[in-house]
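# Structural overview for review
One-letter residues, chain by chain:
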Amino acid sequence: ESQVEASGRGADQVVATELEILRSGDLAKEVAEAIGPDRLLPAAQEAGNLDEAAAVVQGGLLAAPASRGSNVVYVTYQNEDPQLAVDVLREVVKR
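## Thoughts on the overall build of the protein
When its secondary structure is counted, the protein shows 5 helices and 2 strands. Across the protein, helices and strands are ordered from the amino to the carboxyl terminus as α-α-α-α-β-β-α. For the protein, with 95 residues in total, the buried portion stands at 29%. Considering only residue pairs separated by 6 or more positions, the protein has 50% of its internal contacts joining residues 24 or more positions apart. Here the protein displays about 6,400 Å² of accessible surface, and carbon together with sulfur accounts for 50% of that area.

What follows is the structure, encoded as structure tokens:
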């Protein structure tokens, strides 16, 4: 087995681990806490719930590998508020 094949599989495993982290509820909760539930849930009648805010983060976040064997991951976040989208992505990248 060549080193290229072995390193390609290694890169795939690293990317898979990174994707798992990016899609995790723990990361979404950290981001929601940093941004603030009230900002993520502006239509909420009561003070924002952290779990609901984390669900908003997870619902708008897309993380995908660039290509097989690559160590590049694409991460996007969609929200009606463009500044909120930028802020969420900044928090994701910080962690």
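## Comments concerning the side chain of E91
Take E91: it is sitting in helix α5 (residues 82-94). A residue is classified by how much of its surface remains accessible, and E91, at 12% relative accessible area, is buried. A distance of 2.8 Å separates the side chain of E91 from the side chain of R95, its partner in a polar contact.

Criteria and cut-off values
- Residues numbered from 1 in each chain as written.
- Predicted model: local features only at pLDDT ≥ 70, side-chain atom pairs only at ≥ 80, totals over all residues.
- Heavy atoms only, no water.
- Helix = DSSP H or I, 4+ residues; strand = E, 2+ residues; numbered from the N terminus.
- Buried < 20%, exposed > 50% of the residue type's maximum accessible area, 1.4 Å probe, protein only.
- Contact = heavy atoms within 4.5 Å.
- Areas by Shrake-Rupley, 256 points an atom, 1.4 Å probe, with all protein chains shown as cover.
- Polar contact = N/O pair within 3.5 Å; in protein donor to acceptor, adjacent residues only side chain to side chain.

On their own, these measurements won't tell you what the molecule is for.
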